[in-house]
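# Fold and geometry: a report
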Amino acid sequence: MSVVSKTVFSELKINSMTLPNRIVVPAMVTRLSGEDGFVNDDITNRYVRFAKGGAGLVVLEAMAVHHSKSGPLLRICDDEFVPGLRGLRDQMRDAGPGCVVPQIIHFLKISRSGWRQKVEDLSISDIDAIVDAYAAAAVRTVAAGYDGVELHMAHAYTLSSFLSRLNKRRDDYGGSLNRRLHLPVRVIQSVRREVGDEYPIGVRFDGEECIKGGYTVEEARLIALRLVQSGVDYVSVSAGGKFEDAQPREGEPPYPYTGYSGDRCMPGKTYPNGANLYIAAGIKEFLREQGHSAPVIATGKINTPDLAESILTDGNADLIGMARPILCDPDWPRKVEAGNWEKVIRCCYANVCKAKDERFQTVTCFLWPRSSTQAPESDDVVEPTWPETGAALTADGTKGRISLKWEPATDNEAVYGYDIWRAIEGGEFERIDAVPAPVTAYHDTTAIKGLRYMYRVRGYDLAGNRTQASGEVAAEIS
Ligand SMILES: Cc1cc2nc3c(=O)[nH]c(=O)nc-3n(C[C@H](O)[C@H](O)[C@H](O)COP(=O)(O)O)c2cc1C
């Protein structure tokens, strides 16, 4: 299949920055930093790799604007962090043409007992300090040479909790929608005052809270409008990720991605592609109706060039956020632009990265070679091959699921994994999953009795070169 991605690879100007293409790596905590919050070699390697991969905009993982204690997290709460952040930007500039903006975050306190500070607990001077901390951090992003700054107003964190319909404050900062917007708007205005009119300011916020009583896209349209009216240059739409429905964990602080709202934030295997697209589309439509042209970023299981291109050409968003797909293969943009979609290592949404984040472990991809800290890199062009006798793919439907087995492929470097393809007999094949090598078996637990399925498998190496498709095998559940 030849994929035409003309719009994906077109430029976009956002205030003073020009993105070389429409692919955005949204912020993704790496847990590579220490608790000291300084940039280190592992962090640098992670982001240099993203820059090299060619994304139009890389948003650096959330970094704290204040000194509050947390697990491993980058910080931008003091001038002492600027030299490290500047060094990172310089190295990313040498590696690729994309723009880079740090995401800056304020969060409230939580404890292992399950207690968490709420927006209702903050005094007016606490609120003023949050405004000042964002403004000072934004000034540091300028000093460190970044192309812009992204204000984190999504998920379980302070500004999102002010925007929330569950904000229970009874003063100027809670209650009506306008009052819930008060602090986020103050933050934007004070950041704008500090960084000047030309410096790009983006906002990431939840287009739906995805919790009982939370707001939906209906209010999110108005929130986006007010944020843009207050001086924001782009709007990055996320969803969910709240404390309210987090699963309690004995002796552990709550993690806001363990409930349904967490699933909606990082939709796993069971969700359709483009799961949250309708939210970004609704927000964009409203902004345009109101005469605002601020670009809107859609994110959430957008993983193929066809889907990305159609989202842009249908006018549903201006930029495509791809977090886990680019963690999985940072070279996604570079490969697709060169017409090599077939060589992309494709995320299978196993959410092992999410589980690692939850446990404060280094965030890696399930499909990477075991014990790798970074995505593998190779420019090899030699395809892996099946044994002379072929892949010998077999399928067994006797245990209420369809179990596949095949022979390992071989490669001049290393076989890295296998894509699993499936069709309902007579229909088109789609790639349904992947397994990392040396695994050569797969259980399809989503097949149902009464349908006849066809399967095939393709192996891939570190550079994404694929084997020929294995022979096809038919199966049904007996
Ligand atoms: C390990 C991990 C860390 C994340 N960290 C952040 C973060 O720091 N800030 C943020 O706004 N979103 C964060 N996200 C959410 C992603 O930016 C993105 O919205 C989500 O993964 C859905 O997009 P995707 O389907 O392209 O992965 C994180 C996601 C993952 C998997």
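The residue count restarts for each chain, going from 1 along the sequence in the order it is written. Totals for whole chains, interfaces and linings use all residues, but because this is a predicted model, local features are given only for residues with pLDDT of at least 70 and pairs of side-chain atoms are given and counted only at 80 or more. Heavy atoms from the whole structure form the basis of all side-chain values; hydrogens and water molecules are not counted.

### Quick notes on the pattern of salt bridges
Stated precisely, the cut-off is as follows: Counted as salt bridges are all cases of a side-chain nitrogen of Lys or Arg within 4 Å of a carboxyl oxygen of Asp or Glu. By the criteria applied, helices consist of DSSP H or I runs no shorter than four residues and strands consist of E runs no shorter than two, each listed in order from the N terminus. Any residue under 20% of the maximum accessible area for its type is buried, any over 50% is exposed, and the rest in between are partly exposed; the area is computed with a 1.4 Å probe on protein chains only.
Scanning the model with the defined rule gives 32 salt bridges in all. Across the pair Lys354 and Asp263 runs a salt bridge whose closest N-O atoms are separated by 3.7 Å. With Lys354 in helix α13 (residues 352-358) and Asp263 in helix α8 (residues 260-265), this residue pair connects regions lying 91 residues apart in the sequence. The class of Asp263 is partly exposed, set by a relative accessible area of 32%. Overlapping salt bridges bring together Arg49, Lys52, Asp331, Arg334 and Glu377 as one network.

### A few points about the site of the ligand
The cut-off we apply is this: Here a residue is considered near a molecule or strand provided that any single heavy atom belonging to it is located within 4 Å of it. Polar contacts, as used here, are pairs of N or O atoms within 3.5 Å; protein pairs need one atom able to donate a hydrogen and one able to accept it. Residues neighboring in sequence count only if both atoms are side-chain atoms. Reported accessibility uses the Shrake-Rupley method at a 1.4 Å probe radius. Residues are deemed covered only where the shown protein chains occlude them. When residue character is reported, Ala, Val, Leu, Ile, Met, Phe, Trp, Tyr, Cys and Pro are called nonpolar, Asp, Glu, Lys and Arg charged, and the others, Gly included, polar.
Near the ligand there are 22 residues, and of these Ala27, Gln103, Lys301, Ala323 and Arg324 occur at the shortest range. Between the ligand and the protein, one listed contact pairs a nitrogen atom with a side-chain N or O atom of Gln103 at 2.8 Å. Here an oxygen atom of the ligand sits 2.8 Å away from a polar atom, N or O, in the main chain of Ala323. When the ligand is considered free in solution it has 610 Å² of accessible area, and contact with the protein chains removes 98% of it. For the shell around the ligand, the elements supplying multiple residues, two or more each, are α11 (324-328) and α13. Taken together, the residues of the shell around the ligand sort by class into 13 nonpolar, five polar and four charged.

### A few points about the sheet that holds strand β18 (residues 473-475)
Note the following rule: DSSP bridges decide pairing: two strands pair if at least two such bridges lie between them. Axes here mean lines fitted to C-alpha atoms, for a helix over just the part in contact, with angles spanning 0 to 180 degrees between N-to-C directions.
The four strands lie next to each other as β15-β14-β17-β18, forming an open sheet whose pairing is antiparallel. Whereas interior strands pair on both sides, the edge strands pair on one side only; in this sheet they are β15 (430-436) and β18. Between one strand axis and the next, the sheet turns through 30 degrees on average, direction left out of account. Pairing between strand β14 (residues 415-424) and strand β17 (residues 453-461): nine bridges, direction antiparallel. Each residue of the ladder has a partner; that of Gly417, found in β17, is Tyr460.

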